[in-house]
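Close look at the chain arrangement
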Amino acid sequence: MSEYILELQNITKLYPGVKALDNVTLQFRPGEVHALVGENGAGKSTLIKTASGAIEPTSGSIVIGGKSYPMLTPAEASDNGIAVVYQEFTLVPVMTAAENIFLGKFIRHGWFCDFREMNRQAATLFKRLNIDINPMAKVATLTTGYQQIVEIAKAVASNPKILIMDEPSAPLTTNEVDSMLQIVGTLKREGVAIIYITHRLDEIFMIADRVSVLRDGQYITTRNIADTDKEGLISLMVGRTLSETYPERKTGGGDVVLEVDNVTGNGVKNITFSLKRGEILGLGGLVGAGRTELAALIFGSAQRTGGEIRLHGKPLHPKTPGDAIARGISLVPEDRKTQGLILNMSVRDNITVASVKKLSSRSFLNKRSEETFTQTQIDNLNIKTPSLRQLARNLSGGNQQKVVLGKWLGTDPEILIFDEPTRGIDVGAKQEIYKLMSRFAESGKSVIMISSEMEELLGMSDRVVVLSKGRVTGILDKKDFSQEQVMKYAVEGHNVAKRDQLQIQ
């Protein structure tokens, strides 16, 4: 008997103009956590979709329990004990947690669904995973973290031998990540092989036994986690040694560009701060602090009920995002897939959609200008795409983020609001985004950056405005930065006794 429960042998996957996987071979053992890492576009998602039957490889074979398959269907993968927790939720919000877990395989008593038995089995499963979720709670009422746990429980309910987890911690707070990692540990002890994909390298060193690296669709190496470190892993992922994570630049301190004076509305109250020319201003706080809501007021996608916003000393009353864009304010949203991109449109159409007016003549879009405009953004932002006509949905997360950024930079904004600028993208792409932000600020423009990562918040910002329950509780200059001080302001108005359970958000 082989020591491996799953083997992917010489897997190649070709798309028009792209070799997503190039002769990749990997083996996975039962009862181990095997991390899979690489930059966006390295081929990780393509590889796991091959193993789960979601896509057909161009060549190669999949070996499970000694039996070789040229490809798998999703049903065959499930029958062989493979389950997947994808990045995007597959839950039905109006159904209960138990109903979602048994979706497609409801327990029946005669002609009728046995909801009592499904609730009982779901409760047993949650207890096994040491999670306190009411099986009868509607998924729509659960936090994002608990929804992710339901997704995991849904996969575990099939008693898999192999569990593939694709960025399972991306939407979670620190406390929720701890709960999720405990679940991973439980499944590992039960002998489940876990393939764990994440950009959060710290998690890998907490739970993984081995780690495999992909780069540009090719297999690079597999290391025992005890035999590598974070810096070495990053170097293997990007194929180069990254310089300092956060680029050095002079602290922005020009004239005041934007004034937010006692602004109320959309869940925030009496917000006051200023933004200077050439500055990167960070917004920090806990979950629900009101940062995204505040950005919506500035961008005109929500309306304030009190206070005043001034741009260069003149009142700013954006009733729509179009009003803000016309005044030189743009927003890169938190959720690029649903708010920043039109996934079924091309890279060209996504980049030019906010600049159609200036690319048109006599109400007709100038195709040559459109092509030149798009190519310029692709070159300036180093967007990796086989063509201008590639669908946005087929790009990696980091390149999707660059397309969103290219769309807004094309409008020549004076103020750029970034909401979670590097969520779900790899370390190499992160550094590219940081350099783009720095260059934008150094050119005399201004940035408002909302970040859930404390290191990023302090590493990129010139000043940090901290919100708590919709109010500003502190403003820190760079010389006063510390995680402890941000946390102190962030928990103001919260139960300080529970501060260790709270995640900076």
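Each value, and the rule that gives it
- Residues numbered from 1 in each chain as written.
- Predicted model: local features only at pLDDT ≥ 70, side-chain atom pairs only at ≥ 80, totals over all residues.
- Heavy atoms only, no water.
- Helix = DSSP H or I, 4+ residues; strand = E, 2+ residues; numbered from the N terminus.
- Rg over C-alpha atoms; globule rule 2.2 N^0.38 Å.
- Buried < 20%, exposed > 50% of the residue type's maximum accessible area, 1.4 Å probe, protein only.
- Contact = heavy atoms within 4.5 Å.
- Areas by Shrake-Rupley, 256 points an atom, 1.4 Å probe, with all protein chains shown as cover.
- Lys, Arg positive; Asp, Glu negative; His and termini not counted.
- Charge placed at Lys NZ, Arg CZ, Asp CG, Glu CD.
- Core = buried A, V, L, I, M, F, W, Y, C linked by side-chain atoms within 4.5 Å.
- Expected span 1.5 Å × (residues − 1).
- Arc of directions from axis to C-beta.
- 1 Å grid on protein atoms, 1.4 Å probe; cavity = no way out; pocket = protein on both sides within 12 Å on 5 of 7 lines; lining within 4 Å.
- Points joined across faces, edges and corners; volume = space filled by probe spheres on them.
- Nonpolar A, V, L, I, M, F, W, Y, C, P; charged D, E, K, R; others polar.
- Pairing = 2+ DSSP bridges.
- Axes fitted to C-alpha atoms, helices over the stretch in contact; angles between N-to-C directions.
- Parallel < 35°, antiparallel > 145°, perpendicular 65-115°, else oblique.
- Left-handed = near helix turned anticlockwise from the far one by under 90°.
- pLDDT = per-residue confidence, 0-100.
- Phe/Tyr/Trp six-rings, centres within 6.5 Å; stacked < 30°, edge-to-face > 60°.
- Lys NZ or Arg CZ within 6 Å of the ring centre and 35° of its normal.

All right, on to the overall build of the protein then. Secondary structure summary: the protein contains 17 helices and 24 strands in total. Taking 23 Å as the expected radius of gyration for a compact globule of 505 residues, we find that the protein reaches 24 Å, a close match to that expectation. Along the longest, intermediate and shortest principal axes, the C-alpha atoms of the protein span 75 × 55 × 50 Å. Per-residue burial over the protein gives 52% buried out of 505 residues. Pairs at least 24 apart in sequence give 65% of the contacts found in the protein among residues at least 6 apart. Split by element, the accessible area of the protein, about 22900 Å² in all, is 49% carbon and sulfur. Counting 60 positive and 57 negative side-chain charges, the protein places the averaged centre of each group 4 Å from the other.

What follows covers the nonpolar core. It is characteristic of soluble globular proteins that their nonpolar side chains tend to be buried jointly. Membership of the largest hydrophobic core comes to 74 residues, with the highest contact counts inside it found for Leu258 and Ile298. No other element matches the 7 residues that helix 15 (residues 427-442) contributes to this core. Ile298 has contacts with Leu258, Val260, Phe273, Ile309, Leu316, Pro318, Ala324, Ile329, Ile417 and Ile448, leaving out every residue within four places of it along the chain.

Residue pairs three or four apart in sequence face the same way in an α-helix, which turns once every 3.6 residues. Between its first and last C-alpha, helix 4 (residues 115-128) extends 20 Å over 14 residues, near the 20 Å set by a 1.5 Å rise per residue. The set of residues buried in helix 4 consists of Met118, Asn119, Ala122, Leu125 and Phe126. Buried residues of helix 4 fall within an arc of 125° about the axis and therefore sit on the same side. Residues of helix 4 that are exposed and point more than 90 degrees away from the buried face comprise Arg116 and Lys127. At the C-terminal side of helix 4, Asn130 shows a positive phi close to 60°.

Within this model, the second largest pocket holds a volume of roughly 500 Å³. Along the walls of the second largest pocket sit 22 residues, with Ser78, Ile82, Ala83, Val84 and Ala155 positioned nearest its centre. Counting residues per element, the ones that place at least two in the lining of the second largest pocket are helix 2 (74-79), strand 6 (82-85) and helix 5 (144-156). In terms of residue count, the dominant contributor to the lining of the second largest pocket is strand 6 (4 residues). For the lining of the second largest pocket, the residue count by class is 12 nonpolar, 7 polar and 3 charged.

The phi dihedral of Asn159 falls on the positive side, at around 50°, and the residue is not glycine. Summarising the element assignment, Asn159 is placed in the loop between helix 5 and strand 9 (162-166). The class for Asn159 is exposed, based on a relative accessible area of 55%.

Residues of helix 8 (residues 230-238) that are buried include every one of Leu233, Ile234, Leu236, Met237 and Val238, and no others. On its buried face, helix 8 is in contact with strand 3 (33-37), helix 7 (201-207), strand 11 (210-215), strand 12 (218-224) and helix 15. Phi for Gly239, located one or two positions after helix 8, is positive at around 75°.

The 4 strands are arranged 14-13-16-17 in an open sheet whose pairing can be described as antiparallel. Two strands lie at the open edges of the sheet, namely strand 14 (268-276) and strand 17 (314-315), each paired on one side alone. Where strand 13 (residues 256-265) meets strand 14, 6 bridges bridge the pair, whose relative direction is antiparallel. Residue Val260 lies in a different strand from strand 14, and its bridge partner there is Phe273. In the packing of helix 9 (residues 291-299) onto the sheet, contacts are made with strand 13, strand 14 and strand 16 (306-311), and the angle to strand 14 comes to roughly 70°.

Relative orientation of the contacting elements helix 14 (residues 397-409) and helix 15 amounts to 15°, with a least axis distance of 10 Å. One element, helix 14, and the other, helix 15, form an angle in the roughly parallel class. The two elements helix 14 and helix 15 cross, and the hand of that crossing is left-handed. Note on element contacts: helix 15 touches helix 14 through Ala429, Glu432, Ile433, Leu436 and Phe440, opposite Gly398, Gln401, Lys402, Leu405 and Leu409. Each residue belonging to the contact of helix 14 with helix 15 can be placed in one class, and the counts come to 6 nonpolar, 2 polar and 2 charged.

To continue, consider the confidence of the model for the protein. Per-residue confidence for the protein gives a mean pLDDT of 87; residues scoring 70 or more make up 94%. Confidence drops under pLDDT 50 across residues 493-505; counting only partners more than four residues distant or on other chains, this segment forms 36 contacts.

Let us look at the side chain of Thr96. Of note, Thr96 is situated in the loop between strand 6 and helix 3 (97-101). If we ignore the near neighbours within four places in the chain, the residues touching Thr96 are Pro135, Met136, Ala137, Lys138 and Val139.

To continue, consider the packing of aromatic side chains. Considering all chains together, one arrives at 3 aromatic pairs under this definition. With centroids separated by 5.0 Å and ring planes inclined at 40°, the aromatic side chains of Tyr246 and Tyr434 adopt a geometry described as tilted. Of this pair, Tyr246 sits in the loop between helix 8 and strand 13 while Tyr434 is found in helix 15, placing the two residues 188 residues apart along the sequence. Across the pair, exposure class does not vary: Tyr246 and Tyr434 are buried alike. Aromatic side chains Phe299 and Trp408 sit 6.0 Å apart centroid to centroid with 85° between the ring planes, which places their arrangement in the edge-to-face category. Of this pair, Phe299 sits in helix 9 while Trp408 sits in helix 14, and the two are 109 residues apart along the sequence. Accessibility assignment for this pair places Phe299 and Trp408 in one class, buried. Stacked on the ring of Tyr15, the Lys or Arg Lys13 has its end atom at 5.1 Å from the ring centre.

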